[in-house]
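Report on the structure
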Amino acid sequence: MSERPFHSRKPRFQRPHGKKQGRRDAQSWRPAHEIDTTILYGWHPVVEALRNNRRTIRRLLATENSLRRLQEELGAPLPLEPEMVRPDEINRLLEPDAVHQGLYAEADPLPSPSVDTLSGRRVVLALDQITDPHNVGAIVRTAAAFDVEAIITTARHSPAATGVLAKSASGGLEHVPFMIVKNLGDTLTALGERGFQRIGLDSEGDANIDELQLRLPLVLVLGSEGKGLRQRTRECCDAIGRLDMPGEIKSLNVSNAAAISLFAVTKAVSKTS
């Protein structure tokens, strides 16, 4: 399955009289089976998408200044003919206060891996109902930095790989594919049958994560803020690690916890591969 953007519509630069148009980015919570378009905006998300040979861009909108900068960065001609627009014309397509930096693109979702196609030579990340697109986007950016092979997330209770999430990922979406599954527990079970070590992260884990015996293939499972890992998710893990911190604050934002745990995990498995 692919990323989870929302239904596409033709951008409208003029609103029909007397009818208030909804903002595009507000629709990034459509079910996975309804997805057919990824919305990208901002400098890094759009530039990385244009550099990605696996990404098909359907439409590109750019302000005059951003187009000039884009041509200097990527050279001419660009992969497709951009439409030059005013900044407010992009504003109308996005949520209030969205920072688009004069660039907006509509693209096809990227191909997704499956349980059977994961190589297991790099760490895989699984997200258990983390719903904030800003947090997930930050996790995607970190995952790209640590060369994560794929991010597993569920069709429900997860933000779409589009819009706000893509902007927060700052281009990372082009480097870490999403694998959307119906049931995370079933997927973790299937990965276990294929030899994956399944390591959950929780504040009440069995041991500090850097004390666990880690090896590839491995999937690191992160739970939502507040609730943490669901019971069945915990039961599908081989071990539950925690992050021991010496300071007075003992809890971290999930995107910060992802960065620290990925550092520890990738360092550990590099010694065994």
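In this report, the structure presented in the accompanying data block is examined. (Residues numbered from 1 in each chain as written. Predicted model: local features only at pLDDT ≥ 70, side-chain atom pairs only at ≥ 80, totals over all residues. Heavy atoms only, no water.)

What follows is about the side chain of Asn135. Tracing the chain through its elements places Asn135 in helix 4 (residues 133-145). Reaching out from Asn135, the side chain makes a polar contact with the side chain of Asn253 at a distance of 3.2 Å. (Helix = DSSP H or I, 4+ residues; strand = E, 2+ residues; numbered from the N terminus. Polar contact = N/O pair within 3.5 Å; in protein donor to acceptor, adjacent residues only side chain to side chain.)

With their axes 12 Å apart at the nearest point, helix 1 (residues 43-51) and helix 2 (residues 64-74) run at an angle of 45° to one another. Relative to helix 2, the element helix 1 is oriented oblique. In the crossing of helix 1 with helix 2, the sense of the turn from one axis to the other is right-handed. For the pair helix 1 and helix 2, contact is made by Trp43, Val47, Leu50 and Arg51 and by Ser66, Arg69, Leu70, Glu73 and Leu74, respectively. Counted by class, the contact of helix 1 with helix 2 contains five nonpolar, one polar and three charged residues. (Axes fitted to C-alpha atoms, helices over the stretch in contact; angles between N-to-C directions. Parallel < 35°, antiparallel > 145°, perpendicular 65-115°, else oblique. Left-handed = near helix turned anticlockwise from the far one by under 90°. Contact = heavy atoms within 4.5 Å. Nonpolar A, V, L, I, M, F, W, Y, C, P; charged D, E, K, R; others polar.)

The next subject is unusual backbone geometry. Here the residue pair Leu216 and Pro217 is connected by a cis peptide bond, since its omega of -5° sits within 30 degrees of zero. Among the secondary structure elements, Pro217 is positioned in the loop between strand 9 (207-208) and strand 10 (218-223). With a phi angle near 60°, Gln129 is a residue other than glycine that sits in the positive phi range. By the element assignment, Gln129 lies in the loop between strand 5 (124-128) and helix 4.

Secondary-structure assignment places His100 in the loop between helix 3 (87-91) and strand 4 (103-107). Within the local environment of His100, its side chain forms a polar contact with the side chain of Asn91, the two groups lying 2.6 Å apart. At 2.8 Å, the side chain of His100 forms a polar contact with the backbone nitrogen of Gly102. Each residue touching His100, except ones within four places of it in the same chain, is listed here: Tyr41, Gly42, Trp43, Pro87, Ile90, Asn91 and Leu94.

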